[in-house]
Amino acid sequence: MTLHPRLRAIATTAILALSLLTPMPKLLAQSPAPGSVTAKPFGKTTDGKPIQLYTLTNQNGMQVAIATYGGTVINLITPDRAGHMGDVALGFGTIQPYFTQTAYFGALIGRYANRIAKGRFTLDGKTYKLAINNAPNTLHGGLKGFDKQLWTAEVLSQNPPTVRFSRLSPDGEEHFPGNLTISVTYTLTNRDELRLQYVAQTDKPTVLNLTSHTYFNLSGAGNGTILNHQIRIHASRFTPVDANLIPTGKIQDVAGTPMDLRKWTTIGTNLQAVGGNPVGYDHNYVLDRCPVVRPCLAAEVYDPSSGRFMKVYTDQPGIQFYTGNFLDGTLKGKRGKIYHEHDAFCLETQHFPDAPNHPAFPSTILRPGETFRSTTIYKFSTK
Ligand code: GLA
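Below is a short write-up of the structure. (Residues numbered from 1 in each chain as written. Predicted model: local features only at pLDDT ≥ 70, side-chain atom pairs only at ≥ 80, totals over all residues. Heavy atoms only, no water.)

1. Some remarks on the overall build of the protein chain
So the rule is basically this: A run of H or I in DSSP counts as a helix once it spans at least four residues, and a run of E counts as a strand once it spans at least two, with each numbered from the N terminus. Just to be clear, the radius of gyration here is over C-alpha atoms, and the globule rule we use is 2.2 Å times residues to the power 0.38. Three exposure classes are used, based on accessible area relative to the maximum for each residue type with a 1.4 Å probe and protein chains only: buried under 20%, partly exposed in between, and exposed over 50%. We call two residues in contact whenever any of their non-hydrogen atoms come within 4.5 Å of each other. Here the accessible surface of atoms and residues is derived via Shrake-Rupley with a 1.4 Å probe, and residues count as covered only by protein chains that are part of the display. Positive charges come from Lys and Arg alone, negative charges from Asp and Glu alone, with His and the N- and C-terminal ends not counted. For this purpose, a charge sits on NZ of Lys, CZ of Arg, CG of Asp or CD of Glu.
Scanning the protein chain from N- to C-terminus turns up four helices and 29 strands. Computed over the C-alpha atoms, the radius of gyration of the protein chain is 23 Å, within 12% of the 21 Å expected from 2.2 N^0.38 for a compact globule of 383 residues. Residue burial in the protein chain is summarised as follows: out of 383 residues, 52% are buried. Across the protein chain, the fraction of contacts at a sequence separation of at least 24, relative to all contacts at a separation of at least 6, is 66%. Counting only carbon and sulfur atoms, one obtains 55% of the accessible surface of the protein chain, whose full area is about 16600 Å². When the 37 positive and 26 negative side-chain charges of the protein chain are each reduced to one mean point, those points stand 6 Å apart.

As structure tokens, then:
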């Protein structure tokens, strides 16, 4: 068919105008607008409940994607010093591996983050027995901790992108007492901070320790080890542990030990001297100024190769510095990358491990009528 040249020009202009006006759904879905929250389906739980993935994008294009399963950080995309965006959080591209993984990639951890010795504690004269999921102890809340639960998400703001994840942890869940209502609000500020605000209340006395278990590699997830990253932790003391990673009860000075990270230290430097089986940092640091100054600067990490710089602020008294010692090359993550020992670090802001069995440690008891509130901030920049 031949068209009159004028008609053809009009048709071409119309097609061009239409193609400009019609958004390309695929492209939009991949790169949400700055200052926005989008949600999309992200599979189903083993009992068929839909899981959503919320993507928070700030005005600078920094992005975090969080699943309603475990309130889990799935992707965390930040620029390097050249402005190239990269994913700095280890994890999986689909939800299935999260059902069985024991690394706790990106997840919210509760009701009790870290270990409780022999899965027992006594509160107001009553002894509670928990599941032993990390023999001989309970780790990160038991068999089905907060990381393996479905959370309800609510968008609080598009800019700065803010989503509140909440749930009711019923009385007796994983044998912990009290109905606990909990919310964790994630905000991605326009100052490139990922802020987590925790709020919890109970109807019976309980113990509570909450954290976020994101594994960071500032060179990009799956791009080798973090042993060349530099770290500084603002702590003059730590809680030494026994062979089962349970605190001995002592609070020891870091001075003169390989645990001293008060001055900038390349992570690999003292790794062998720190020891452990497998070797590496897996220790709770007693923060110097937290929770006196709230939230205070707890730790800083710099990756000389990418130029990415991360600061951690918290109001919690401790931080677990963990160098991914248990990653053993058996997990295949996003983009087909295999995760090996020391391919990531975690900075888990927290109360001290096993505090329910150490009356001298800051208390983790939450009673009816009280509200637990806590803030942790991961701030990103480049140098
Ligand atoms: C925490 C613990 C580690 C390890 C990981 C999960 O960070 O401190 O010992 O159990 O969780 O693998």
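2. Brief notes about the pattern of salt bridges
This is how the line gets drawn: By salt bridge we mean one thing: a side-chain nitrogen of Lys or Arg within 4 Å of a carboxyl oxygen of Asp or Glu.
All told, the structure shown has eleven salt bridges when counted by the stated rule. We note a salt bridge from E154 to R164, for which the minimum N-O separation is 3.1 Å. Of this pair, E154 sits in strand β11 (residues 152–158) while R164 sits in strand β12 (residues 161–169), placing them ten residues apart in sequence. With a relative accessible area of 37%, E154 lands in the partly exposed category. Here R262 makes a salt bridge to D260, at a shortest N to O gap of 2.8 Å. A relative accessible area of 35% places R262 in the partly exposed class. Taken together, the shared-partner salt bridges in this structure form one network comprising D87, K334 and R335.

3. As for the sheet that holds strand β21 (residues 282–286)
Applicable threshold: Should DSSP find at least two bridges between two strands, the strands are taken to pair.
An order of β19-β18-β21-β24-β27 is seen for the five strands of this open sheet, with the pairing classed as antiparallel. With one partner strand each, in any of the chains shown, β19 (252–253) and β27 (346–350) form the two edges of the open sheet. Examined bridge by bridge, β21 and strand β24 (residues 318–322) share five bridges and lie antiparallel to one another. Along β24, the bridge assignment pairs V286 with G318.

4. What to know about the sheet that holds strand β5 (residues 85–87)
How we decide: Each axis is a line fitted through C-alpha atoms, and for a helix only the stretch in contact is used; angles between axes span 0 to 180 degrees, taken between their N-to-C directions.
Taken in spatial order, the five strands line up as β1-β2-β3-β4-β5 in an open sheet, and their pairing is antiparallel. Looking along the sheet, the strands with just one partner apiece sit at the ends: β1 (36–44) and β5. Sheet twist, expressed as the average angle between the axes of neighbouring strands with direction ignored, equals 20 degrees. As paired strands, strand β4 (residues 72–79) and β5 are joined by three bridges and run antiparallel to one another. By the bridge assignment, P79 is partnered in β5 with M85.

5. Notes on the site of the ligand
Basically, it comes down to this: Only heavy atoms are used to decide nearness, and a residue is near a molecule or strand if one of them lies within 4 Å of it. Whenever a nitrogen or oxygen atom comes within 3.5 Å of another N or O atom, the pair is scored as a polar contact, on the condition that within protein one atom can donate a hydrogen and the other can accept it, and that pairs from neighbouring residues in sequence are kept only if both atoms are in side chains. Under the scheme applied here, ten amino acids are nonpolar (Ala, Val, Leu, Ile, Met, Phe, Trp, Tyr, Cys and Pro), four are charged (Asp, Glu, Lys and Arg), and all others, including Gly, are polar.
Taken together, 14 residues surround the ligand, and among them R115, H140, H213, D282 and E348 come closest. H140 has a polar side-chain atom sitting 2.9 Å from an oxygen atom of the ligand. H213 places a side-chain nitrogen or oxygen 2.9 Å from an oxygen atom of the ligand. When the ligand sits alone it has 300 Å² of accessible area, and the protein chains cover 96% of it. Among the residues forming the shell around the ligand, the class breakdown is seven nonpolar, four polar and three charged.

6. Focus: the state of the cysteines
Note the cut-off: Criterion for a disulfide: a pair of cysteine sulfur atoms at a distance within 2.5 Å.
Evaluated as defined, the whole model comprises one disulfide. Sulfur-sulfur distance for the disulfide between C290 and C296 comes to 1.8 Å. Here C290 and C296 share a disulfide; its torsion about the S-S bond, -65 degrees, makes the bridge left-handed. Here C290 and C296 have matching classes, each one buried. For C346, which is in no disulfide, the shortest distance to another cysteine sulfur is to C290 and amounts to 18 Å.

7. Things to note about empty space enclosed by the protein
A probe matching the size of a water molecule, rolled over the atoms, marks out where space remains unfilled. Definition in use: Points on a 1 Å grid, built from protein atoms alone, make a cavity when a 1.4 Å probe fits but cannot get out and make a pocket when they are open with protein on both sides within 12 Å along at least 5 of 7 lines; residues with an atom within 4 Å of a point are the lining residues. Grid points are joined across faces, edges and corners, and a volume is the space filled by probe spheres set on the points.
On inspection of all chains with the given rule, the structure shows one cavity of 30 Å³ or more. Counted as a void, the largest cavity has a volume near 40 Å³. In terms of lining, the largest cavity is formed by N114, R115, T239, V241, L245, D282, H283, N284, Q320 and P353. Top element by residues in the lining of the largest cavity is β21. It accounts for three residues. Of the residues assigned to the lining of the largest cavity, the class counts are three nonpolar, five polar and two charged.

8. Some remarks on the side chain of T45
Tracing the backbone through its elements, the reader meets T45 in the loop between β1 and β2 (50–57). Relative accessible area serves as the criterion here: at 11%, T45 is assigned to the buried category. Polar contacts involving the side chain of T45 include one to the side chain of D47, which spans 2.5 Å. Each residue touching T45, except ones within four places of it in the same chain, is listed here: I51, Y69, F99 and L150.

9. Here's the deal with the packing of aromatic side chains
Rule in force here: Two aromatic rings from Phe, Tyr or Trp, using only the six-membered ring of Trp, form a pair when their centres are within 6.5 Å; if the ring planes differ by under 30 degrees the pair is stacked, by over 60 it is edge-to-face, and anything between is tilted. Any Lys NZ or Arg CZ found within 6 Å of a ring centre and within 35 degrees of that ring's normal is scored as a charge over the ring.
Summed over all chains, the structure comprises 19 aromatic pairs. With a centroid separation of 6.1 Å and an interplanar angle of 85 degrees, the aromatic rings of Y54 and F165 are classed as edge-to-face. One end of the pair, Y54, is in strand β2; the other, F165, is in strand β12, and 111 residues separate them in sequence. Since its relative accessible area comes to 12%, Y54 is described here as buried. Members of the aromatic cluster, joined through ring pairs, are F92, Y98, F105, Y215, Y322, F326 and Y339. Above the ring of Y104, the side-chain terminus of K148 is found at 5.3 Å from the ring centroid.

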